[in-house]
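Here are the chains, one letter per residue:
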Amino acid sequence: MKKINIAIDGPSGAGKSSISKAVAEELGFIHVDTGAMYRAIGLYALQNDCTAPEKITEKIHEIIIELKFINGMQRVLLCGEDVTDYIRSPEVSMMASNVSAVPAVRAYLLDLQKKIALENNIIMDGRDIGSVVLPNADLKIFLTASPEERASRRYLELNEKPDCPSYEEILKDIRQRDKNDMNREIAPLCQAEDAILIDSSNMGFHEVVEHIQALIQEKLN
Ligand code: DC
């Protein structure tokens, strides 16, 4: 039976993952966070001293990324080891951004993502899902918010932690990541022509979740 595929793209910090997870839970779909796959390859590059694009390209055949879903929660396996809890550091974030521009990395993950989408009802979030990975998705959403709003949400999240960066540092980092993601040569971050734009700058979390749920119901009925 044909599976339902929903694509959610947008810049860093727009809330794609938490919103996709909430919507997927409600629908009983799998939520696939493709950023975590790039992060796992970033971790591999750091651990195996192959951070240069040509080195990671050489090693790509040794890298095995698998996703497991436990009670609907995604776990990422890197060469058989669950690395889900080790891929959120600033070093891995930066390396994920670097490896995501390498053609061999994108080609490997593209195949994997397409295969997962063929076999499951999914909400897949990333940067190029509607434009490249799932051009025939049942519904495409481009979820964004202003850089200032994304930075201030991130600042509030990190505020309690020791060594929290300043709001200005976070905003600078967000602008840099937007620039990297939008300007890379292959599969840059962009809104697919047939994607619905949601600017969540002035919307609450639940409001966005409900809005997306309503769009999905419309499509499914
Ligand atoms: O969504 P995230 O911050 O976890 O993504 C980590 C990095 O991976 C980010 O710098 C952009 C990249 N990425 C990508 O190029 N394509 C995707 N589909 C998902 C993430």
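Quantities reported herein were computed from a predicted structural model and do not represent experimental measurements. (Residues numbered from 1 in each chain as written. Predicted model: local features only at pLDDT ≥ 70, side-chain atom pairs only at ≥ 80, totals over all residues. Heavy atoms only, no water.)

> Got a sec to walk through the site of the ligand? Specific residues and values, please.
Near the ligand, the surroundings consist of 16 residues, among which Arg39, Arg106, Arg127, Asp128 and Arg184 are the closest. Arg106 places a polar side-chain atom, nitrogen or oxygen, 2.8 Å from an oxygen atom of the ligand. Within the side chain of Arg177, one N or O atom sits 3.2 Å away from an oxygen atom of the ligand. Across the complex, the protein chains shield 96% of the 440 Å² of accessible surface that the ligand would expose by itself. Contributing elements (two or more residues each) for the shell around the ligand: helix H2 (34-47), helix H4 (90-99) and helix H8 (167-183). Residues belonging to the shell around the ligand are distributed by class as follows: three nonpolar, five polar and eight charged. (Near = heavy atom within 4 Å. Polar contact = N/O pair within 3.5 Å; in protein donor to acceptor, adjacent residues only side chain to side chain. Areas by Shrake-Rupley, 256 points an atom, 1.4 Å probe, with all protein chains shown as cover. Helix = DSSP H or I, 4+ residues; strand = E, 2+ residues; numbered from the N terminus. Nonpolar A, V, L, I, M, F, W, Y, C, P; charged D, E, K, R; others polar.)

> Which residues make up the sheet that holds strand E5 (residues 81-82), and what values do they have?
Strands belonging to one sheet form pairs held by backbone hydrogen bonds; the direction of such a pair is parallel or antiparallel. What the three strands build is an open sheet, ordered E3-E4-E5; its pairing is antiparallel. In this open sheet, the two strands that pair with only one neighbour each are strand E3 (65-70) and E5. Bridge count between E3 and strand E4 (residues 73-78): six bridges; the pairing is antiparallel. Residue pairing in the sheet places Leu67 in a bridge with Val76 of E4. Sitting on the sheet, H2 touches E3 and E4, and the angle it makes with E4 is about 30°. (Pairing = 2+ DSSP bridges. Contact = heavy atoms within 4.5 Å. Axes fitted to C-alpha atoms, helices over the stretch in contact; angles between N-to-C directions.)

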